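Reading the structure
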Amino acid sequence: QVQLVESGGGLVQAGGSLRLSCAASGRTFSSYGMGWFRQAPGKEREFVAGISRSGGNTYYADSVKGRFTISRDNAKSTVYLQMNSLKPEDTAAYYCAAKKFLVPMSEAEYDYWGQGTQVTVSS
């Protein structure tokens, strides 16, 4: 069982930055690929970024490439999402998710989810 707790969301002006954190419980964090997803009102939840167990491989949605960076610290059982050059269209609830061994882009394949943290970007 893995419990995930996101933090770091908030209100920011367009062009600003935020760093989201997702702290995981349990002693097997390094066994899990991690993903960040987001869901805007009235829209489906979408993949934002993913990172492999060691952190050696990262994956990004086209809409955030070059602006967002995913990273992880296995010693702290935490995954991060650094978001720069934020746009109003980045406004959404952001969720982290864990999948044993893999880093799928489909939300249906993830085993565990956090409760989400809200990011609002004003224009």
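Structure first, text after, so check above.
Residues numbered from 1 in each chain as written. Predicted model: local features only at pLDDT ≥ 70, side-chain atom pairs only at ≥ 80, totals over all residues. Heavy atoms only, no water.

1. Considerations on the state of the cysteines
Using the criterion set out here, one finds one disulfide in the structure. Covalent S-S linkage joins C22 and C96, the inter-sulfur distance amounting to 1.9 Å. Because the sign of the S-S torsion sets the handedness, a value of about 50° for the bond joining C22 and C96 places this disulfide among the right-handed ones. A residue pair is termed long-range when its members are at least 10 positions apart, and C22 in strand β3 (residues 18-24) and C96 in strand β9 (residues 92-100) qualify at 74 residues. When its relative accessible area of 0% is taken as the criterion, C22 is described as buried. (Disulfide = S-S within 2.5 Å. Helix = DSSP H or I, 4+ residues; strand = E, 2+ residues; numbered from the N terminus. Buried < 20%, exposed > 50% of the residue type's maximum accessible area, 1.4 Å probe, protein only.)

2. Details of the environment of M105
Mapped onto the elements of the fold, M105 is located in the loop between β9 and β10 (112-113). Those residues in contact with M105 that sit more than four places away from it in its chain are F37, F47 and Y59. (Contact = heavy atoms within 4.5 Å.)

3. Points about the pattern of salt bridges
All chains considered together, the criterion is met by six salt bridges. For D90, the salt bridge identified is with R38, shortest N-O distance 2.9 Å. Of this pair, D90 sits in the loop between β8 (78-83) and β9 while R38 sits in strand β4 (residues 32-39), and the two are 52 residues apart along the sequence. We note that D90, like R38, is buried. Linking E107 and R45 is a salt bridge whose minimum nitrogen-to-oxygen distance equals 3.0 Å. Residue E107 is found in the loop between β9 and β10, and its partner R45 is found in the loop between β4 and β5 (46-51); the two are separated by 62 residues along the sequence. Residue class for R45 comes out partly exposed when judged on its relative accessible area of 23%. (Salt bridge = Lys/Arg side-chain N within 4 Å of Asp/Glu carboxyl O.)

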